[in-house]
Amino acid sequence: MPPDDETSTLAEPRADRRRALVAAAFQRIASEGFEGLRTRDVAADVGVNIATLHYYFPTKEALIRGVIGHAMQRFTETIPSQGSAVEQLQTHLRALARLMKEDQQLWAVLGELVLRSPRDADLAHTFRQSDAFWHRTLRDLISRCVDQGAVDPTLNSGDAAALMIAAIRGLSLPTVGGADIGRINTVFRQLERYLGLPQ
């Protein structure tokens, strides 16, 4: 049974309330880091009491998992499902570069999550799963590009995927000066050249 302050908004779908709470937690982590993430503040940001937040997210860890899901969804949306292998690979790289330049909050949150993962087994497991999915996706796309004669035929698709992930992950880690647009452009341009993608 939802808490009392939920009864006035019964018409509001549960998914909307969950999304609002995740978005508020996301904003808190982006602006204040994990140290600034307090469930009472998140509840207040959405205009609900703490009991309502606990109805949707029984623990702070559950709320953090919701934030991870939101961040990962933004990331996976850059992977297209249509077009040739070359088009998909190039679209993914360019969408990632654009996302890195335009959504600093996303990368701030991902950076916080990555830095926390060595001390959080569940979070580390989630990142290992997402990294494995990303590696498989890139490896398979590069392999298809090689098979179609569209990129450098000497590339080892698994090694190339690992190199790309390391380069992009390095760009996404928090830095004192924030995002360096020029460096982002350079890294992604060099990745396309390394793969032999059409410029």
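Structure shown above.
Counting of residues starts from 1 at the beginning of each chain's written sequence and follows it residue by residue. Per-residue local features are limited, in this predicted model, to residues with pLDDT of at least 70; the limit for side-chain atom pairs, both in listing and counting, is 80 or more; totals at the level of whole chains, interfaces and linings are taken over all residues. Computation of side-chain values: all heavy atoms of the structure, hydrogens and water removed.

*Asks:* Where do I start with the packing of aromatic side chains in this structure?
*Replies:* The way to describe two aromatic rings as a pair is by their centre distance and the angle between their planes. Any Phe, Tyr or Trp ring, taking Trp's six-membered ring, that has another such ring centre within 6.5 Å forms a pair; planes under 30 degrees apart are called stacked, those over 60 apart edge-to-face, and the others tilted. Taken as a whole and judged by the stated rule, the model has two aromatic pairs. A ring pair is formed by Y55 and Y56, whose centres lie 4.9 Å apart and whose planes are at 85°; its orientation type is edge-to-face. Here F75 and W134 contribute two aromatic rings whose centre-to-centre distance is 4.7 Å and whose plane-to-plane angle is 85°, an arrangement assigned as edge-to-face. A residue pair is termed long-range when its members are at least 10 positions apart, and F75 in helix α4 (residues 60-76) and W134 in helix α7 (residues 121-147) qualify at 59 residues. Note on accessibility: F75 and W134 belong to one class, buried. Note on geometry: a ring has a charge over it if NZ (lysine) or CZ (arginine) is within 6 Å of the ring centre and within 35 degrees of the ring normal. For R116, the ring lying beneath its charged end belongs to F34, and the centroid distance is 4.5 Å. The helix and strand labels rest on DSSP assignments: H or I over at least four residues marks a helix, E over at least two residues marks a strand, and numbering proceeds from the N terminus. Accessibility here uses a 1.4 Å probe with only protein chains present; expressed as a share of the type maximum, an area under 20% marks a residue as buried, one over 50% as exposed, and anything in between as partly exposed.

*Asks:* For this particular structure, what's the right way to read the environment of E87?
*Replies:* One can find E87 in helix α5 (residues 85-102). Classification of E87 as partly exposed rests on a relative accessible area of 46%. Separated by 22 residues in the primary sequence, E87 and R65 place their C-alpha atoms 32 Å from one another.

*Asks:* Got a minute to help me understand the environment of L96 in this structure?
*Replies:* Position of L96 relative to the elements: it lies in helix α5. Each C-alpha atom of the pair L96 and F57 lies 30 Å from the other, and the pair is 39 residues apart in sequence. Two residues qualify as a contact provided that any one of their heavy atoms is within 4.5 Å of a heavy atom in the partner residue. Those residues in contact with L96, other than ones at most four positions away along the chain, are F75, T78, W107, W134, I168 and F188.

*Asks:* I'm lost on the pattern of salt bridges in this one. Help?
*Replies:* We define a salt bridge as a contact between a side-chain nitrogen of Lys or Arg and a carboxyl oxygen of Asp or Glu at a distance within 4 Å. For the coordinates displayed, the defined rule picks out nine salt bridges. R28 is paired through a salt bridge with E32; the nearest N and O atoms lie 3.1 Å apart. A residue pair is termed a helical-turn pair when its members lie 3 or 4 positions apart in one helix, as R28 and E32 do in helix α1 (residues 14-32) at four residues. Judged by relative accessible area, which is 17%, R28 ranks as buried. We classify E32 as partly exposed; its relative accessible area is 40%. With its nearest N and O atoms 3.1 Å apart, the salt bridge here joins R139 to D140.

*Asks:* Looking at this structure, I do not really get the nonpolar core. What am I missing?
*Replies:* Side chains that are nonpolar tend, in soluble globular proteins, to be buried together. Grouped together as the largest cluster of nonpolar side chains are 56 residues, with contacts concentrated most on L89, L113, I142, F188 and L195. Those residues in contact with F188, other than ones at most four positions away along the chain, are L93, L96, A97, M100, I168 and L171. Grouping buried Ala, Val, Leu, Ile, Met, Phe, Trp, Tyr and Cys residues that are joined through side-chain atoms within 4.5 Å yields what is termed a nonpolar core.

*Asks:* Is there a simple way to explain the layout of surface pockets in this structure?
*Replies:* The method is simple in principle: a probe with the dimensions of a water molecule rolls over the atoms, and the space it marks as empty is what remains. Buriedness of a pocket was judged along seven lines, with at least five required to meet protein on both sides within 12 Å; pockets are open sets of points on a 1 Å grid over the protein atoms alone, cavities are sets where a 1.4 Å probe fits but cannot get out, and lining residues have an atom within 4 Å of a point. Grid points are joined across faces, edges and corners, and a volume is the space filled by probe spheres set on the points. The calculated volume of the second largest pocket comes to roughly 190 Å³. Residue lining of the second largest pocket: R18, R19, V22, A23, G66, G69, H70 and Q73, and that is the complete set. Those elements giving two or more residues to the lining of the second largest pocket turn out to be α1 and α4. A breakdown of the residues in the lining of the second largest pocket according to their chemical character gives two nonpolar, four polar and two charged. When residue character is reported, Ala, Val, Leu, Ile, Met, Phe, Trp, Tyr, Cys and Pro are called nonpolar, Asp, Glu, Lys and Arg charged, and the others, Gly included, polar.

*Asks:* In this structure, what is going on with empty space enclosed by the protein? I would like to understand it.
*Replies:* Inspection of the entire model under this criterion finds two cavities of 30 Å³ or more. For the largest cavity, the calculated volume is near 160 Å³. Taken together, 13 residues line the largest cavity, and the ones lying closest to its centre are M72, F75, L110, W134 and R169. Among the secondary structure elements, those contributing two or more residues to the lining of the largest cavity are α4, α6 (104-116), α7 and α8 (157-172). In this structure, the second largest cavity spans a volume of roughly 80 Å³. Along the walls of the second largest cavity sit E61, I64, R65, I68, D120, D122, L123 and T126, which together make up its complete lining. Of all elements in the fold, only α4 and α7 reach the threshold of two or more residues within the lining of the second largest cavity. When residues in the lining of the second largest cavity are grouped by element, the largest group, four residues, is from α4. Of the residues in the lining of the second largest cavity, the class split is three nonpolar, one polar and four charged.

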